[in-house]
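# Secondary and tertiary structure notes
What follows is the residue order along each chain.
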Amino acid sequence: MLRLLTVTVRGFKQHKTPRLKFSTSSVMAKSKFEYVRNFELDDTCLKNCYIVVRLDGRSFHKFSDQHKFIKPNDNRALGLMTRSALSVMEELDDITIAYGQSDEFSFVFKRSSNWFKRRASKLMTHVTSQFSSSYVFYWKEYFGEQPLLYPPSFDGRVVLYPSNQNLRDYLSWRQADCHINNLYNTTFWTLVQKGGLTTTQAESRLNGTQAADKNEILFSEFSINYNDESPMHKKGTYLIWEMVNESSTKKINRPNEAETEVTVTRTRKKVTAHHCDIIGDQFWEEHPDILERD
């Protein structure tokens, strides 16, 4: 119980309640329910490893059909994927390189990154939510007045790669996959759109064919040289950080002179897009700062 202090003011007795001091110690903050934290699993990513967060569109075949994507490649959709990935990199500057093709994008965090204390669940959910929200936010910029019928969905996974060679092989695998899929899709939709085949007939025609067979179909039947196809479609898109020069015009006033315009150039770090081969050594020799030493 609190003791009341008795004071006398002009002959009258008054009772004064003392002020209480509240403790902010960690002991006071605990409760009997806090034990449930013990059910959380430690998902800290191993140190000295590249952390790759890879996103894939969920049910994107249905999504692309309902939104009337152009076959085999819709540059609007590919541009929107790249813009969404750029948004992720600008938010998380520890991502050293990102690679995308079709409805997927991979984000590579530096070996030394300590974002979210390297917790896999935090990294994956943040990348996925930032990418998904950007896809919706920038939709109109690429599709104009065509309505977004429903929100897209992306799932994510986290994979660790301990060496530079492992990481390069992973990115090479994704680019090889891009080439294989694009050659098939280009041939498939050419047979449908220009050859008059049904999708079932085109699938049957391509069953068991090799890359050389598909190239021959495109060239001999439709005069299409696959080598002339867009690098973005064949190679996919890489995003990296680079120092770039940006120029702008500025108006200045000098004493006793008329207003003049001058060009101001500044250098800053910016995310840039590339559509080139990454399986060979040239790309890595031109951008040695992407990889950290083994």
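About the cut-offs
Sequence order as written defines the numbering, with residues in each chain counted from 1. Under the rules for a predicted model, residues below a pLDDT of 70 receive no local features and side-chain atom pairs below 80 are neither given nor counted, while totals for whole chains, interfaces and linings still include all residues. To get the side-chain values, take all heavy atoms of the structure and skip hydrogens and water. For helices, the fitted axis covers only the stretch in contact; all axes are lines through C-alpha atoms, and the angles between them, taken along N-to-C directions, range from 0 to 180 degrees. Helix and strand assignments come from DSSP, with helices taken as H or I runs of at least 4 residues and strands as E runs of at least 2, each series counted from the N terminus. By definition in this entry, angles of less than 35 degrees are roughly parallel, angles greater than 145 are roughly antiparallel, angles of 65 to 115 are roughly perpendicular, and the rest are oblique. The sense of a crossing depends on the near helix, which, turned anticlockwise from the far helix by less than a right angle, makes the crossing left-handed and, turned clockwise, makes it right-handed. In what follows, a contact means two residues having at least one pair of non-hydrogen atoms within 4.5 Å. Each residue is assigned to one of three groups, with Ala, Val, Leu, Ile, Met, Phe, Trp, Tyr, Cys and Pro labelled nonpolar, Asp, Glu, Lys and Arg labelled charged, and all others, Gly among them, labelled polar. By definition here, a helix of n residues has an expected span of 1.5 Å times n minus one. Accessible area is worked out with a 1.4 Å probe on protein chains only. A residue is then buried under 20% of its type maximum, exposed over 50%, and partly exposed in between. UniProt positions are given in the numbering used here, feature names are shortened, and annotations may be inferred rather than shown by experiment. N or O atoms closer than or at 3.5 Å make up a polar contact, with two conditions inside protein: a donor-capable atom paired with an acceptor-capable one, and, for residues adjacent in sequence, both atoms drawn from side chains. Two rings from Phe, Tyr or Trp (for Trp, the six-membered ring) form a pair when their centres sit within 6.5 Å of each other. Planes less than 30 degrees apart are called stacked, planes more than 60 degrees apart edge-to-face, and all others tilted. Any Lys NZ or Arg CZ found within 6 Å of a ring centre and within 35 degrees of that ring's normal is scored as a charge over the ring. Nine residue types can take part in a nonpolar core, namely buried Ala, Val, Leu, Ile, Met, Phe, Trp, Tyr and Cys, and a core is a set of them joined through side-chain atoms within 4.5 Å. Pairing between two strands requires that DSSP report at least two bridges joining them.

## Overview of the packing of helix α6 (residues 164-193) against helix α7 (residues 199-206)
Remark: α6 packs on α7, axes separated minimally by 9 Å, with the N-to-C direction vectors making an angle of 130 degrees. With respect to their mutual orientation, α6 and α7 come out oblique. Judged by the sense of rotation from one axis to the other, the crossing of α6 with α7 is right-handed. Residues Tyr184, Thr187, Phe188, Leu191 and Val192 of α6 form the contact with α7, whose own contacting residues are Thr199, Ala202, Glu203, Arg205 and Leu206. Per-class residue counts for the contact of α6 with α7 are 6 nonpolar, 2 polar and 2 charged.

## Considerations on helix α3 (residues 75-91)
Over its 17 residues, α3 runs 24 Å from end to end, which matches the ideal 24 Å to within 8%, given 1.5 Å per residue. α3 sits mainly inside the fold: 13 of its 17 residues count as buried.

## Things to note about the side chain of arginine 83
The topology assignment puts arginine 83 in helix α3. When residues no more than four places from it in sequence are discounted, the contact partners of arginine 83 are Tyr138 and Tyr142.

## Side note on the UniProt feature "binding site: Mg(2+) 1" (unreviewed entry) in the protein
UniProt's feature table lists "binding site: Mg(2+) 1" (unreviewed entry) at Asp56, Gly57 and Asp103, given in the numbering used throughout. Taken along the chain, the residues just named run across 48 residues; in space they keep tight, none of their C-alpha pairs more than 5.9 Å apart. Position of aspartate 56 among the secondary structure elements: in strand β3 (residues 50-57). Residue aspartate 56 is classed as buried on the basis of its relative accessible area of 12%. Ignoring anything within four residues of it in the chain, the contact list for aspartate 56 reads Asp103, Glu104, Ser153, Phe154, Asp155 and Arg157. Polar contacts involving the side chain of aspartate 56 include one to the side chain of arginine 54, which spans 3.4 Å. Mapped onto the fold, glycine 57 is located in strand β3. If sequence neighbours within four positions are ignored, glycine 57 has contacts with Asp103, Ser153 and Phe154.

## A look at unusual backbone geometry
With an omega of 5 degrees, the peptide bond between lysine 71 and proline 72 qualifies as cis. Note that proline 72 resides in the loop between α2 (60-66) and α3. For serine 59, which is not a glycine, the phi torsion comes out positive at approximately 55 degrees. Following the sequence through the fold, serine 59 ends up in the loop between β3 and α2. Given a relative accessible area of 46%, serine 59 falls into the partly exposed group. Of note in the backbone geometry, serine 223 takes a positive phi value of approximately 55 degrees without being a glycine.

## Points about the packing of aromatic side chains
Any two aromatic rings considered together are summarised by their centre-to-centre distance and by the angle between their planes. Per the counting criterion, the structure on display carries 25 aromatic pairs. Judged by centre distance (4.3 Å) and plane angle (40 degrees), the rings of tyrosine 99 and tyrosine 238 are tilted. Of this pair, tyrosine 99 sits in strand β4 (residues 95-101) while tyrosine 238 sits in strand β7 (residues 237-252); the two residues are 139 residues apart in sequence, bridging distant segments of the chain. Taken together, a centroid distance of 4.0 Å and an interplanar angle of 5 degrees make the contact between tryptophan 139 and phenylalanine 143 stacked. In this pair, tryptophan 139 and phenylalanine 143 both sit in helix α5 (residues 139-143), 4 residues apart, roughly one turn of the helix. Exposure class is identical for tryptophan 139 and phenylalanine 143. Each is buried. In this structure an aromatic cluster arises from ring pairing among Phe60, Phe63, Phe69, Phe105, Phe107, Phe131, Tyr135, Trp139, Phe143, Tyr150 and Phe154. Between arginine 83 and the ring centre of tyrosine 138, over which it is positioned, the NZ or CZ distance is 4.0 Å. A cation over an aromatic ring shows up here: arginine 174 above the ring of tryptophan 173, its NZ or CZ 4.2 Å from the ring centre.

## Structural notes on the environment of alanine 211
Its location among the elements puts alanine 211 in helix α8 (residues 211-222). With 27 residues separating them in the primary sequence, alanine 211 and tyrosine 184 have C-alpha atoms 8.2 Å apart.

## With respect to the nonpolar core
Judged by nonpolar contacts, the single largest core of 32 residues is most densely connected at Phe107, Phe131 and Tyr135. Secondary structure elements with two or more residues in this core: β3, α2, α3, β4, β5 (104-109), α4 (120-137), α5 and β7. If you tally residues by element for this core, the top one is α3, at 7 residues. Contacts of tyrosine 135, omitting those with residues within four sequence positions, involve Phe60, Phe63, Phe69, Leu80, Met81, Ser84, Pro152 and Phe154. Grouped together as the second largest cluster of nonpolar side chains are 16 residues, Tyr161, Tyr238, Phe283 and Ile290 included.

## A closer look at the pairing of β4
Most of β4 is tucked away: 7 of the 7 residues are buried. Here β4 pairs with β5 via 6 bridges, running antiparallel. Within β5, the position partnered with isoleucine 97 by the bridge is valine 108. Counting the residues that bridge the hairpin from β4 to β5 gives 2 residues, and of these serine 102 lies at a positive phi of roughly 50 degrees. As defined by bridge partners, β4 adjoins β7 across 4 bridges and the pair is classed as antiparallel. Across the sheet, alanine 98 pairs through a bridge with leucine 239, a residue of β7.

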